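An overview of the molecular structure
Here are the chains, one letter per residue:
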Amino acid sequence: MNHPTLRHQAPESYDWHRGRHTAFLLVLAAALVCAVLVSLWCGSYETPLPELVRGVFGRAADKSVNTVVRSLRLPRICTALLGGAGLGICGCVLQSVLRNPLASASTLGISQGASFGAAFAIVVLGAGIQSGSSVSGSMSFTSPVTISVCAFVCSMAVSLVILALSRLRSITPEAMVLAGVALSSLFSGASTLLQYFADDVQLSSVVFWTFGDLGRTSWREVRIMALVVLAATAVFLVNRWNYNALESGAHIAVSLGIHVEGLRLWNVLLCSLVCSVVAAYVGVINFIGLVAPHLVRRMVGGNYCWLLPGSALMGSLLLLLGDLAARQVLSPVVLPIGAITSFLGAPLFLYMLFKGRDRL
């Protein structure tokens, strides 16, 4: 029999938590808007912010402002938003379906597979650097499409191997992560061998690609990323209650009519697709998919109705802030975004690990 006091307190408690979580997501969204405006304003082309905002719509008084904003700054910002959102929400889903708080694209070997594919395209297929300077961040490749395709194919190959092992050997979610670590080591060693036999130009090309660069995408790549990330996000949001059920254990989820193995396999494959597309276009970006879900989880708990959109927003914010730091710390030198996210993510994750081990 329910106590009358409990019946009155429960709705209030739920409403309080819902309001708190909604407020947190709104704060994240507001911080993201501010970061977008700052990113739009920062750069060597000094223009008042209102004029830059008009340039987004092609209505700036100075036509060169329209060109700078719509051809250079806006694609970079959109790449950061989409790439960060994709990595953040995929990290959240992988940690749920694999029941492992350390699951991400890097721990599963997806990023390392992309690195090997890019190195293979550059060294073996000759898709290296054509011109430019690594200091200014303006290096261009002779065949960027070839590099992207090879990076995507190899990263997806890693995912298919892990899924095949899961299907054929019925390995546990923990073993799937261990298999990803083994494949990471394998592809890292293969990439090292390719670099050993590469000449100076090829070696610099491989190193520059693995740094990660948000400025190498055009509107065509942005549209492809938007299609993949938004479609995957819609699928993840539809399955949010299934992830909540998995939090109580696989046996509880099965009793609720959820096909746990099918959910796990298809979600791993979809996350691998998103992370592969992001890695193919911007290079290796570490720690976003690992740290973003944990930061949000500490604020909203384990409810995936809030955790999924929060992870996407946090991933976008972290990547955009990392790109801002990469462009402004030693301006006009553009630092590698992969190194910046690692510097930001590693200490933060270690802090969370030692200060809140029960929350991971």
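Residues numbered from 1 in each chain as written. Predicted model: local features only at pLDDT ≥ 70, side-chain atom pairs only at ≥ 80, totals over all residues. Heavy atoms only, no water.

The next subject is the overall build of the protein chain. Helix and strand content of the protein chain: 14 helices and two strands. Within the protein chain, the proportion of its 360 residues that are buried is 48%. Sequence separation of 24 or more characterises 73% of the internal contacts of the protein chain that already satisfy a separation of 6 or more. Total accessible area on the protein chain stands at roughly 17200 Å², and carbon and sulfur atoms take up 68% of it. (Helix = DSSP H or I, 4+ residues; strand = E, 2+ residues; numbered from the N terminus. Buried < 20%, exposed > 50% of the residue type's maximum accessible area, 1.4 Å probe, protein only. Contact = heavy atoms within 4.5 Å. Areas by Shrake-Rupley, 256 points an atom, 1.4 Å probe, with all protein chains shown as cover.)

The final tally for this structure, using the stated rule, is five salt bridges. The salt bridge partner of R76 is D323, with a shortest N-O separation of 3.0 Å. Of this pair, R76 sits in helix 3 (residues 63–97) while D323 sits in helix 13 (residues 304–328), and the two are 247 residues apart along the sequence. Each member of the pair, R76 as well as D323, carries the same accessibility label: buried. Salt-bridge contacts for E221 lead to R220; the nearest nitrogen and oxygen are separated by 3.0 Å. Given the relative accessible area of 46%, R220 is considered partly exposed. Three or more residues are tied together by salt bridges with common partners; here these are R76, D323 and R327. (Salt bridge = Lys/Arg side-chain N within 4 Å of Asp/Glu carboxyl O.)

With respect to the secondary-structure elements, H259 resides in the loop between helix 10 (250–255) and helix 11 (260–282). What makes H259 exposed here is its relative accessible area of 57%. Here the alpha-carbon distance between H259 and N242, two residues 17 residues apart in the chain, equals 9.5 Å. A polar contact of 2.7 Å, which involves the side chain of H259, links it to the backbone nitrogen of G262. (Polar contact = N/O pair within 3.5 Å; in protein donor to acceptor, adjacent residues only side chain to side chain.)

Estimated volume of the second largest pocket: approximately 390 Å³. Every element with two or more residues in the lining of the second largest pocket is listed here: helix 5 (144–169), helix 8 (219–238) and helix 11. Tallying contributions element by element places helix 5 first for the lining of the second largest pocket, with six residues. Broken down by class, the residue content of the lining of the second largest pocket amounts to eleven nonpolar, two polar and three charged. (1 Å grid on protein atoms, 1.4 Å probe; cavity = no way out; pocket = protein on both sides within 12 Å on 5 of 7 lines; lining within 4 Å. Points joined across faces, edges and corners; volume = space filled by probe spheres on them. Nonpolar A, V, L, I, M, F, W, Y, C, P; charged D, E, K, R; others polar.)

Next up on the list: the packing of aromatic side chains. Considering all chains together, one arrives at four aromatic pairs under this definition. Taken together, a centroid distance of 6.3 Å and an interplanar angle of 40° make the contact between F116 and F120 tilted. Here F120 and F116 lie together in helix 4 (residues 110–123), a separation of four residues that amounts to about one turn. By relative accessible area, F116 is classed as buried at 18%. An aromatic cluster is built from F116, F120 and F187, whose rings are joined through pairwise contacts. (Phe/Tyr/Trp six-rings, centres within 6.5 Å; stacked < 30°, edge-to-face > 60°.)

The gaps of empty space that remain are located by a probe, the size of a water molecule, rolled over the atoms. Taken as a whole and judged by the stated rule, the model has one cavity of 30 Å³ or more. Put simply, the largest cavity is a space of about 140 Å³. Residue lining of the largest cavity: 19 residues in total, with L87, A105, S106, S111 and I285 positioned closest to the centre. The greatest single-element share of the lining of the largest cavity, amounting to four residues, is contributed by helix 11.

Moving on to the side chain of S184. Topologically, S184 is positioned in helix 6 (residues 173–196). A polar contact of 3.4 Å, which involves the side chain of S184, links it to the side chain of Q112. In contact with S184, not counting residues within four places along its chain, are S106, T107, L108, G109 and Q112.

Here we take up the environment of S185. Following the sequence through the fold, S185 ends up in helix 6. Taking the C-alpha atoms as reference points, S185 and G109, separated by 76 residues in sequence, lie 8.1 Å from one another.

It is the contact of helix 3 with helix 13, at a shortest axis distance of 7 Å, that shows an interaxial angle of 135°. On the basis of their axis angle, the class for helix 3 and helix 13 is oblique. For the element pair helix 3 and helix 13, the recorded crossing hand is right-handed. Together, R76, I77, A80, L81, G83, G84, A85, G88, I89, C92, V93 and S96 of helix 3 and Y304, L307, L308, S311, A312, G315, S316, L319, L320, D323 and R327 of helix 13 make up the contact between the two elements. (Axes fitted to C-alpha atoms, helices over the stretch in contact; angles between N-to-C directions. Parallel < 35°, antiparallel > 145°, perpendicular 65-115°, else oblique. Left-handed = near helix turned anticlockwise from the far one by under 90°.)

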